[in-house]
Amino acid sequence: MLSHLVIGQMLYYGDTIFYVISFVLLMWIIKVLAWGPVTKMMQERADKISNDIDSAEKSRNDAAGLVQKREAALANSRSEAQTIVNTAKTNGQQQREQIVTQAQADVQTLKQNAQKDIEQERQDALSDARNDVADLSIEIASKIIQRELKADDQKALIDSYIEGLGKQHES
């Protein structure tokens with residue numbers, strides 16, 4: 001059944017040349033019409049991929065630079081925070097010392113005022129005691145003498161008695 005195909009086939013040189021010329025012509029048409037645009041499209045695609053790779057590389061470098069800037073800013077912020085904390089500690093210590101010094105000065109002032117008040121109270125008590133002693137002395141003296149002293153005599157007697165008491169306290 002296939003034998004008639006094989007027997008009828010002979011190589012015709014004219015057909016072969018026609019086929020070769022047709023093939024070469026077809027290749028030239030493909031080169032002119034299709035190969036140029038395909039090559040151009042492939043080149044554009046390669047350029048786009050190359051640009052995308054370059055852009056990605058640039059973006060990666062920019063991101064790395066930003067990371068370094070952020071890390072530097074973070075380190076700077078930490079340093080500033082530490083400086084602020086140290087300053088606050090120093091200010092707190094100075095304020096504490098200032099408050100303690102002021103409190104000590106206030107205590108000293110209160111102590112001096114208290115000593116002045118005590119001295120004044122002592123002087124007042126001594127004066128009252130002198131007056132009481134003077135009154136008692138007059139009473140005793142009038143009982144002893146059995147007579148009333150005149151006001152001038154009383155005053156002279158009291159002054160001399162007080163001077164005698166003052167000399168006893170001073171020694």
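Conventions adopted
Residues numbered from 1 in each chain as written. Predicted model: local features only at pLDDT ≥ 70, side-chain atom pairs only at ≥ 80, totals over all residues. Heavy atoms only, no water. Helix = DSSP H or I, 4+ residues; strand = E, 2+ residues; numbered from the N terminus. Buried < 20%, exposed > 50% of the residue type's maximum accessible area, 1.4 Å probe, protein only. UniProt positions renumbered as here; feature names shortened; annotations may be inferred. Salt bridge = Lys/Arg side-chain N within 4 Å of Asp/Glu carboxyl O. Patch = residues over 30% accessible without salt bridge, like charges linked within 9 Å, V, L, I, M, F, W, Y side chains within 5 Å. Areas by Shrake-Rupley, 256 points an atom, 1.4 Å probe, with all protein chains shown as cover. Lys, Arg positive; Asp, Glu negative; His and termini not counted. Charge placed at Lys NZ, Arg CZ, Asp CG, Glu CD. pLDDT = per-residue confidence, 0-100.

**Focus: the overall build of the protein chain**
Within the protein chain, the secondary structure is distributed over three helices and zero strands. If you list the helices and strands of the protein chain from N to C, you get α-α-α. Here the protein chain, with 171 residues, has 5% of them falling under the buried criterion.

**Considerations on the UniProt feature "transmembrane region" (unreviewed entry) in the protein chain**
UniProt's feature table lists "transmembrane region" (unreviewed entry) at residues 16–38, given in the numbering used throughout. Taken end to end, residues 16–38 comprises 100% helix and 0% strand; its first and last C-alpha atoms sit 30 Å apart.

**A few points about the pattern of salt bridges**
Once the charged atoms of two side chains with opposite charge are near each other, the side chains can pair. All told, the structure shown has three salt bridges when counted by the stated rule. Here R60 ties to E57 by a salt bridge, and the two come within 2.6 Å at their closest N and O atoms. In this pair, R60 and E57 are both assigned in helix α2 (residues 13–145), three residues apart and thus about one turn of the helix distant. On the basis of relative accessible area, E57 is assigned to the partly exposed category, the value being 37%. Where R122 meets E119, a salt bridge forms, and the shortest distance between an N and an O atom there is 3.0 Å. One end of the pair is R122 and the other is E119, both in helix α2 and three residues apart, which spans about a single turn.

**Remarks on a nonpolar patch on the surface**
Together, V20, F23, V24, L26, M27 and I30 line one region of the surface with nonpolar side chains, adding up to about 540 Å² of accessible area. Looking at where V24 falls in the secondary structure, it is placed in helix α2.

**Topic: a negative patch on the surface**
A contiguous patch of negative charge on the surface is contributed by D117, E121, D124, D128, D132 and D135. Topologically, E121 is positioned in helix α2.

**Things to note about the confidence of the model for the protein chain**
Averaged over all residues, the pLDDT of the protein chain is 83; the fraction at 70 or higher stands at 81%. Here helix α1 (residues 3–7) stands out as the least confident element of the protein chain, with mean pLDDT 46; α2 is the most confident, with 88.

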